[in-house]
Amino acid sequence: MRVLAIESSCDESAVAVLDEGQGLLAHELWSQVDLHRVFGGVVPELASRDHVQRLLPLVRDALAAAGTRPEQLQGVAYTAGPGLAGALLCGAALARSLAYGWRLPAIGIHHLEGHLLAPLLETPAPGFPHLALLVSGGHTMLIEARALGDYQLLGETRDDAAGEAFDKSAKLLGLPYPGGPQLALMAAAGRAGACPLPRPMLDRAGYEFSFSGLKTAVSLAVRSQPLDAQRRADIARGLQDAIIDTLCVKTLRALEATSLTQLVVAGGVGANLELRERLSRELSARGGQAFFPRPEFCTDNAAMIAVAGLLRLRAGECAEADLSVRARWPLTELRPPHSAGRTLQAASVGHA
Ligand code: KG4
Ligand code: ZN
């Protein structure tokens, strides 16, 4: 089976072609970051207009790069939510139109399920059940993933997401939007312990997070001393250490409580090298294993939507030809696909 996938939930237009046997054949991405930077955040209407212009050329490029003609495809997947309604509709309308014209089944995919399944593009790939730490710009969640579509939410953030804490702190340090990756680079020059910041909710039982207090702590730190390059790096380091410590403690706690040995880390903050190293170390020290998507597939992309689409289409799932998208869509509403009474188990999707 070979599928085309389209992602347009926020400020990235992306298209990918994935083959069950040969793996990922092509993935194309256009980032709107430069378009939104002057506004300090994503402007929904501008995002939609840009998706309209970019998506179809990206489909052409992806098919050409994959050496694939439409007749060689068996399905079209697209992100149906959660995200910006207008942006989602751009991808949904295009995907549904192409599928209709090509007489193919189409399927709307949950963006976060895409993030969760992105590590299946790597070797070795994780299997089910596993614990997933989903850390993006909008979400911070610990999930017990029992099977495709069977996601038990153990805990999430009460306020800001980890990515948001990175971005807001980066802004306070004068870095341009989205500052997470740049803050991480700056932190490399910071000294451990030079600017200690609070580790919120660590003393509380359970798996909830709270990161909104960190930006207040960072804004106090920014004003408390003259802000030279070293001080900025020390604050960046303090912030990164506080976020990583908090994520790690709760993740290890959840691993212990569930007796799971495989950890999947997904979402944009999963690209953070310090977080990857720390969790890899902690897992191997416990005889387990941590799985990450390659950094470019931690942030938004269409390859992850292709994985989810392929697995669900292969299991016989395909939605009616309706064009609805869901700006809000709890992950826990997802269900496993059923095909002739068979529930799909973990399966990697081939490696090119
Ligand atoms: O998953 P994603 O691309 O978008 C959402 O669906 O939210 O995540 C984007 C988030 C941003 O907050 C960005 O600053 C953060 O991921 N991010 C990072 C790194 N790379 C991306 N945060 C920390 N360190 C990084 N290397
Ligand atoms: Zn995302």
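Before going into details, it helps to say that this report is about the structure given with it. (Residues numbered from 1 in each chain as written. Chains lettered and ligands numbered in written order. Predicted model: local features only at pLDDT ≥ 70, side-chain atom pairs only at ≥ 80, totals over all residues. Heavy atoms only, no water.)

Moving on, we get to the coordination of the zinc ion (ligand 2). The coordination sphere of the zinc ion (ligand 2), as far as protein atoms go, consists of H111 (NE2), H115 (NE2) and D300 (OD), spread over 2.0 to 2.1 Å. Metal-centred angles of 93 to 137° between the four donor atoms at the zinc ion (ligand 2) mark the site as irregular. Within one chain, the residues serving as donors to the zinc ion (ligand 2) are arranged as H-x3-H-x184-D. Of this pair, H111 sits in helix 4 (residues 111–117) while D300 sits in the loop between strand 10 (289–291) and helix 10 (303–314), placing them 189 residues apart in sequence. There is no split in this pair, since H111 and D300 are both buried. (Donors = N, O, S within 2.8 Å, 3.2 Å for Na, K, Ca; no water. Tetrahedral: all angles 85-135°; square planar, octahedral: opposite > 155°, others 65-115°. Helix = DSSP H or I, 4+ residues; strand = E, 2+ residues; numbered from the N terminus. Buried < 20%, exposed > 50% of the residue type's maximum accessible area, 1.4 Å probe, protein only.)

What the rule picks out here adds up to 21 salt bridges. Ionic pairing is found between E71 and R69, a salt bridge with its closest N-O pair at 3.1 Å. Its relative accessible area of 59% is what places E71 among the exposed residues. You can call R69 partly exposed: its relative accessible area is 49%. (Salt bridge = Lys/Arg side-chain N within 4 Å of Asp/Glu carboxyl O.)

Bringing the site of ligand 1 into the picture now. By nearness alone, 19 residues border ligand 1, and G137, D167, G268, N272 and D300 come closest of all. H115 has a polar side-chain atom sitting 3.2 Å from an oxygen atom of ligand 1. Backbone polar atom of D300 to an oxygen atom of ligand 1: 3.1 Å apart, as the coordinates give it. Against a free-state accessible area of 550 Å², the protein chains account for coverage of 85% of ligand 1. Among the elements of the structure, helix 4, helix 5 (162–172) and helix 6 (180–187) are those that each provide at least two residues to the shell around ligand 1. Of the residues that constitute the shell around ligand 1, the class distribution is six nonpolar, 11 polar and two charged. Counting the residues that make up the shell around ligand 1, at least three belong to each of domain 1 (2–118 + 297–348) and domain 2 (127–292). (Near = heavy atom within 4 Å. Polar contact = N/O pair within 3.5 Å; in protein donor to acceptor, adjacent residues only side chain to side chain. Areas by Shrake-Rupley, 256 points an atom, 1.4 Å probe, with all protein chains shown as cover. Nonpolar A, V, L, I, M, F, W, Y, C, P; charged D, E, K, R; others polar. Domains from an automatic or database assignment.)

All right, on to the packing of aromatic side chains then. Tallying each qualifying case throughout the model produces one aromatic pair. When the centroid spacing of 6.0 Å and the interplanar angle of 15° are considered together, the rings of F209 and F211 count as stacked. For F209, a relative accessible area of 0% gives the class buried. Classification of F211 by relative accessible area gives buried; the value is 0%. (Phe/Tyr/Trp six-rings, centres within 6.5 Å; stacked < 30°, edge-to-face > 60°.)

On to the nonpolar core, then. Formed by 65 residues in total, the largest nonpolar core has its most connected members in L4, I6, L117 and Y151. Examining the composition of this core, we find that nine residues originate from one element, helix 10, more than from any other. Both domains that furnish three or more residues to this core are identified here as domain 1 (2–118 + 297–348) and domain 2 (127–292). In terms of nonpolar packing, the next biggest core, distinct from the first, is built from 43 residues, V135, A170, L239 and L255 among them. (Core = buried A, V, L, I, M, F, W, Y, C linked by side-chain atoms within 4.5 Å.)

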